[in-house]
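Listed here are the chains, written in short residue letters.
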Amino acid sequence: MHGIQKLRNIVLNEQFESELNQKLLENKHGRWQLRVDKTDFCEHYESQLLQQSKLTKHQRETYEEIQRANSSITHLSAVAGSGKTFLAVQLVIQTLKDSTGQILFIAPSLPLCFYFIRWLGRRRQHEISLSSLLERIAIHTPNTTFMKLEVEGRNIVCKSDSTLCNTQFDLTVVDEAHDIYRDDILETGFLDRVKTKRWLLLSNLSQ
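Procedures and definitions
- Residues numbered from 1 in each chain as written.
- Predicted model: local features only at pLDDT ≥ 70, side-chain atom pairs only at ≥ 80, totals over all residues.
- Heavy atoms only, no water.
- Helix = DSSP H or I, 4+ residues; strand = E, 2+ residues; numbered from the N terminus.
- Contact = heavy atoms within 4.5 Å.
- Core = buried A, V, L, I, M, F, W, Y, C linked by side-chain atoms within 4.5 Å.
- Buried < 20%, exposed > 50% of the residue type's maximum accessible area, 1.4 Å probe, protein only.
- Expected span 1.5 Å × (residues − 1).
- Patch = residues over 30% accessible without salt bridge, like charges linked within 9 Å, V, L, I, M, F, W, Y side chains within 5 Å.
- Areas by Shrake-Rupley, 256 points an atom, 1.4 Å probe, with all protein chains shown as cover.
- Salt bridge = Lys/Arg side-chain N within 4 Å of Asp/Glu carboxyl O.
- Pairing = 2+ DSSP bridges.
- Axes fitted to C-alpha atoms, helices over the stretch in contact; angles between N-to-C directions.

As for the environment of Gln-67
- Locating Gln-67 in the fold gives a position in helix H4 (residues 57-68).
- Sequence separation between Gln-67 and Leu-91 is 24 residues; the distance between their C-alpha atoms is 8.1 Å.
- With near-sequence residues (within four places) excluded, Gln-67 lies in contact with Leu-91, Gln-94 and Arg-198.

Observations regarding unusual backbone geometry
- Even without being a glycine, Glu-176 presents a positive backbone phi close to 50 degrees.
- Here Glu-176 shows up in the loop between strand S7 (171-174) and helix H8 (177-180).

Observations regarding the nonpolar core
- Counting 33 residues, the largest nonpolar core has Val-92, Phe-116, Leu-120, Ile-137 and Val-173 as the members making the most contacts within it.
- Broken down by element, this core gets its largest block of residues, eight residues, from helix H5 (residues 84-98).
- Apart from the residues within four sequence positions on either side, Phe-116 is in contact with Thr-85, Ala-88, Val-89, Val-92 and Phe-105.
- In terms of nonpolar packing, the next biggest core, distinct from the first, is built from 15 residues, Leu-104, Phe-146, Val-174 and Val-194 among them.

Concerning H5
- The first and last C-alpha atoms of H5 sit 21 Å apart over 15 residues, in line with the 21 Å expected at 1.5 Å per residue.
- Of all 15 residues that make up H5, 12 are buried, and the element is covered over most of its length.
- Here H5 has its buried residues at Lys-84, Thr-85, Phe-86, Leu-87, Ala-88, Val-89, Gln-90, Leu-91, Val-92, Ile-93, Thr-95 and Leu-96.

A closer look at H4
- The terminal C-alpha atoms of H4, which comprises 12 residues, lie 17 Å apart, in line with the 16 Å expected from a rise of 1.5 Å per residue.
- Along its buried surface, H4 packs onto strand S1 (73-78) and H5.

What to know about a nonpolar patch on the surface
- Together, Phe-16, Leu-20 and Leu-34 give the surface a local cluster of nonpolar side chains, amounting to about 230 Å² of exposed area.
- By relative accessible area, which is 35% here, Phe-16 ends up partly exposed.

Quick look at the sheet that holds strand S5 (residues 155-160)
- Pairing is mixed across the open sheet formed by seven strands, whose spatial order is S1-S9-S7-S2-S3-S4-S5. The open sheet has two free edges, formed respectively by S1 and S5, since each of these has just one partner strand. With direction set aside, neighbouring strand axes in the sheet form an average angle of 25 degrees.
- Two elements, S1 and strand S9 (residues 199-204), share six bridges in a ladder whose sense is parallel. Counted as the bridge partner of Ala-78 is Asn-204 from S9.
- Along the sheet, H5 contacts S1, strand S2 (103-106), strand S3 (137-140), S7 and S9; its crossing angle with S9, the most-contacted strand, is approximately 170 degrees.

Some points on the pattern of salt bridges
- In total, this model carries five salt bridges according to the counting rule given.
- Here Lys-197 makes a salt bridge to Asp-170, at a shortest N to O gap of 3.1 Å. One end of the pair, Lys-197, is in the loop between strand S8 (195-196) and S9; the other, Asp-170, is in the loop between strand S6 (168-169) and S7, with 27 residues separating them in the sequence.
- Note that Arg-182 is salt-bridged to Asp-184, the shortest N-O span being 2.7 Å.
- On the basis of relative accessible area, Arg-182 is assigned to the partly exposed category, the value being 35%.
- Residue classification places Asp-184 among the partly exposed positions, given a relative accessible area of 43%.
- Sharing partners across several salt bridges, the network here consists of Glu-150, Glu-152 and Lys-159.

In short, shape yes, function no, at least from these values alone.
So, in structure tokens, the structure goes:
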């Protein structure tokens, strides 16, 4: 699981695709440029993760500790593949049940945001419709404004929503927090625009 989650981060952050094409250029094969089918990759990745229908004993203990925490900021740092995102999904689902407000998901790139929402939708598909779920979830990256996702035909599209600047979110999840809490990103005031009751930060222990 450690290896496949590390691969997920590389692929969805477009590092793999960029480095692969750079190698082609270096080896004088510049007329060939490869593109990774991220949708196909996510579907295979999800099929592995969705087999984990229950928390492990350690994950359950960690989740209960997160639930008991009185702090408005919880930082979950662990090695890749340990189930941090799985715990975040569980917390988002519980927050959706316990409140009626908005939830914000922050990640370094849009593909990572789409991945999280897609997985969340799969976990909630028997309890809430996708369109209802998307009404409660907003996304944000360092290179975009606040956005909502909408279903258009068979596609999910993201649209900027300036009204979210004035929203106080019930929960904000920051994935790959080690790539968000960098000096160059913090200096832009990116996170200062977020108003939230609670933060959940996910980061890799090795970072």
